[in-house]
Amino acid sequence: MKNLLTSLLLLLLTLTPHDIAAQGKAGSVDIFMGVDFNYRDIWFNNRVYDVLVNLTPGARWNIGNRWEMAGQVFIPVINQYGDYYKYPRLHNLTLSKQLACGSRWKMKFTGGVFGSERYGLDMKNMFIINRWLALTAEAGITGFLSMADGWYATAMKTFTIQAGPEIYLHPWNTQISVRGGRYIYGDYGAVAEGWRHFKHVSVGAYASYSNKGKEDFGFKVIVMLPPYKRTHRKVNFRPASNFRLTYSVEADPYSNMTYATDPEENERDGWFDRDLLPWGQDLMDPDFTYKERKEVEKR
């Protein structure tokens, strides 16, 4: 399976559709900063909650033709989670390529260091059936990679896959998705989510089942961060695109666990550039608008 995915990745990454223009300006670099907030209630340390707060500086390089390189570092500033989390560490470093096949199927291929302490290869897909219905699928081959206390890695042999339908109700900007499959700790399960998208904010609820962790449910909030009007330069300094919070009733970190292949990945933006076969929330007014900065010619 590893050799098959690798061969497919190398074959399809050579395809560059001629009928779509890459989003953004080729050669531009974004340097951004955000905050990663974590909390847990474990009841035996005389605190109501343990808190872990990381600064998350990162960078994104738009190479052109929908090739992109992105990276992010976690720097702990408040740590009640223990020694494992006390050092700065690389959280994400990837090279990705997006492309469309025809007018209904879009794909994204990514390789490198992912979130959830994984590294490997990943393939994301969306097949658009009509204006309100699409099918999504993600498959990856990964290994464990920890940089928290020294370097530790395992062989890239964990196969994961999630697939299912996605529904978008345009009059209410409401999104419903169901995905099931195999996750990074070897469990099998399914996750159902419902999202209501507002201007610059998305609120969602989810329910999940795993053969190991059993039932769980919770809510998620995504806030897209200002400024919403931006100037596009060769090098851009900005805050992170969003702040994302998840609350889980069971707080089980080993069930239905996935990884992020992009440092700013979130459910509101989806997996793909919004101008690549737009569907669902891509058809809303964009959170950010850009204007090109005219370079002054030196004489």
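This text follows the structure it describes.
Bear in mind the structure is a predicted one, so any value in this text is a computation, not a measurement. (Residues numbered from 1 in each chain as written. Predicted model: local features only at pLDDT ≥ 70, side-chain atom pairs only at ≥ 80, totals over all residues. Heavy atoms only, no water.)

(A) Molecular detail of a nonpolar patch on the surface. A surface patch of nonpolar side chains, amounting to about 600 Å² of accessible area, comprises Met33, Val35, Phe37, Leu55, Val73, Ile75, Val77 and Ile78. For the nonpolar patch, the secondary structure elements donating two or more residues are β2 (35-40) and β5 (67-79). In terms of residue count, the dominant contributor to the nonpolar patch is β5 (four residues). Looking at the element boundaries, Phe37 is found in strand β2. (Patch = residues over 30% accessible without salt bridge, like charges linked within 9 Å, V, L, I, M, F, W, Y side chains within 5 Å. Areas by Shrake-Rupley, 256 points an atom, 1.4 Å probe, with all protein chains shown as cover. Salt bridge = Lys/Arg side-chain N within 4 Å of Asp/Glu carboxyl O. Helix = DSSP H or I, 4+ residues; strand = E, 2+ residues; numbered from the N terminus.)

(B) Main features of the pairing of strand β12 (residues 174-182). One ladder, built from seven bridges, connects strand β11 (residues 158-169) with β12; its direction is antiparallel. Considered in β12, the bridge of Gln162 is made with Gly181. Joining the antiparallel neighbours β11 and β12 is a turn of four residues, in which Asn173 adopts a positive phi near 45°. As judged from the nine bridges shared by β12 and strand β13 (residues 188-198), these two strands associate in the antiparallel manner. (Pairing = 2+ DSSP bridges.)

(C) Summary view of the pattern of salt bridges. For the structure shown, the criterion picks out 15 salt bridges. Across the pair Glu264 and Arg60 runs a salt bridge whose closest N-O atoms are separated by 2.7 Å. One end of the pair, Glu264, is in the loop between β18 (242-248) and β19 (289-292); the other, Arg60, is in strand β4 (residues 58-64), with 204 residues separating them in the sequence. The two residues Glu264 and Arg60 agree in class, both being buried. Look at the salt bridges and you will find they share partners, linking Asp30, Arg60, Glu68, Arg238, Asp262 and Glu264 into a network. (Buried < 20%, exposed > 50% of the residue type's maximum accessible area, 1.4 Å probe, protein only.)

Treat this as a map of the structure, not an account of what it does.
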